[in-house]
Amino acid sequence: MRHIERLPEPAILKEKHDEWQEKFDKAKKKNSKARPDSSKYGNPKIRKNLEDSSYGKCFYCESKLSGASKEIDHFIEVTINPKMAYTWANLYLSCSNCNDKADHNAIPVDTALDPCRDSDDEIQANITFDDEYICSQCNSLKGLNTIKKYHLGAELLDMKRGKWLQKIMKDIISIQNQMRIDGRCLPTIDERQRIKRYMQPDQPYSLMSKIYLEKNFDYLLR
Ligand SMILES: [Zn+2]
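This text gives an overview of the structure that appears in the document. (Residues numbered from 1 in each chain as written. Predicted model: local features only at pLDDT ≥ 70, side-chain atom pairs only at ≥ 80, totals over all residues. Heavy atoms only, no water.)

Some thoughts on the overall build of the protein
Helix and strand content of the protein: nine helices and four strands. Secondary structure of the protein in N-to-C order comes out as α-α-α-β-β-α-β-β-α-α-α-α-α. Put simply, the protein has 222 residues, and 49% of those count as buried. Long-range pairs, those at least 24 residues apart, make up 68% of the contacts in the protein between residues at least 6 apart in sequence. Total accessible area on the protein stands at roughly 11600 Å², and carbon and sulfur atoms take up 53% of it. (Helix = DSSP H or I, 4+ residues; strand = E, 2+ residues; numbered from the N terminus. Buried < 20%, exposed > 50% of the residue type's maximum accessible area, 1.4 Å probe, protein only. Contact = heavy atoms within 4.5 Å. Areas by Shrake-Rupley, 256 points an atom, 1.4 Å probe, with all protein chains shown as cover.)

Observations regarding the packing of helix α6 (residues 155–182) against helix α8 (residues 206–216)
Two elements in contact, α6 and α8, have axes separated by 11 Å at closest approach and are oriented at 45 degrees. As far as their axial angle goes, α8 and α6 are oblique. Crossing hand, α6 versus α8: right-handed. From α6, R161, W164, L165, I168, M169 and I172 reach across to α8, where they touch M208, S209, Y212 and L213. Partitioned by chemical class, the residues of the contact of α6 with α8 number eight nonpolar, one polar and one charged. (Axes fitted to C-alpha atoms, helices over the stretch in contact; angles between N-to-C directions. Parallel < 35°, antiparallel > 145°, perpendicular 65-115°, else oblique. Left-handed = near helix turned anticlockwise from the far one by under 90°. Nonpolar A, V, L, I, M, F, W, Y, C, P; charged D, E, K, R; others polar.)

Observations regarding the packing of aromatic side chains
Scanning the model with the defined rule gives eight aromatic pairs in all. Considering the side-chain rings of F59 and Y92, the 5.3 Å spacing of their centres and the 50 degrees angle between planes classify their relative orientation as tilted. Of the two residues, F59 is situated in the loop between α3 (44–53) and β1 (71–74) and Y92 in strand β2 (residues 91–94); the sequence distance between them amounts to 33 residues. Aromatic pair W164 and Y198: ring centres 6.1 Å apart, planes at 80 degrees, arrangement edge-to-face. Taken together, the residues span a long stretch of sequence, with W164 in helix α6 and Y198 in the loop between α7 (189–196) and α8 at a distance of 34 residues. Take Y198: its relative accessible area is 7%, and that puts it in the buried class. Ring-pair connections join several aromatic residues into one group, and the members of that group are F59, Y60, F75, Y92 and Y150. Sitting over the ring of W88, R6 keeps its end group 4.8 Å from the ring centre. (Phe/Tyr/Trp six-rings, centres within 6.5 Å; stacked < 30°, edge-to-face > 60°. Lys NZ or Arg CZ within 6 Å of the ring centre and 35° of its normal.)

Re the pattern of salt bridges
For the structure shown, the criterion picks out 17 salt bridges. K16 serves as the salt-bridge partner of E19, at 3.8 Å between the closest nitrogen and oxygen. One end of the pair is E19 and the other is K16, both in helix α1 (residues 11–30) and three residues apart, which spans about a single turn. R197 is the salt-bridge partner of D202, the closest N and O atoms lying 2.9 Å from each other. Connected via shared salt-bridge partners are D182, R184 and E191. (Salt bridge = Lys/Arg side-chain N within 4 Å of Asp/Glu carboxyl O.)

As for the side chain of K57
Along the polypeptide, K57 turns up in the loop between α3 and β1. Overall, the relative accessible area of 4% leaves K57 in the buried class. Only 2.7 Å separates the side chain of K57 from the backbone oxygen of Q203, close enough to count as a polar contact. What K57 contacts, discounting residues up to four positions off in sequence, is E62, S63, K64, L65, L93, P201, D202, Q203, P204 and S206. (Polar contact = N/O pair within 3.5 Å; in protein donor to acceptor, adjacent residues only side chain to side chain.)

Printed below as a string of structure tokens:
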């Protein structure tokens, strides 16, 4: 998870919000289990703004999303606050792993991290990584709740993050080999940039990569 700077509300949502919400309110009166219309909050322009806000990554786990894996999540569940069904600030982009509703409601949102509210420092004060495995920082309850609520410790994610670390390691080994050939003990500016690139927020699993690189390859970053 990284902090997400949300883009301004898309014009279509500003224009249609009240009309869509009213329709949903009426539907709820008839049937308390009614859901908001996903074709409305999933409008391509809304979707595009969310994708641009997060560089096409899941707001929670930082997996790059493609095609059908892009889901729009209500940060505060519609069952908890139906008035936020079409609220821009309540729409988050998520993968299906993190959007799995089973644990979402059991853990209140304000007891877990929020990528749109919390800074990178706050996120890192609560969650960290041991290689590809996510853990809470110093047993922080907020960290534990975040991992549990969004299934950030799922085996599938461990596998994806592990593969990403392998890719980084391959790059590091090729740089180390070149340094050996050249008789250098420090990387060139280009090589350093290449490694630092993995820590940028537009990259998948950038928080994990940042923690991994700072812990194990600090000399390549300086
Ligand atoms: Zn995710």
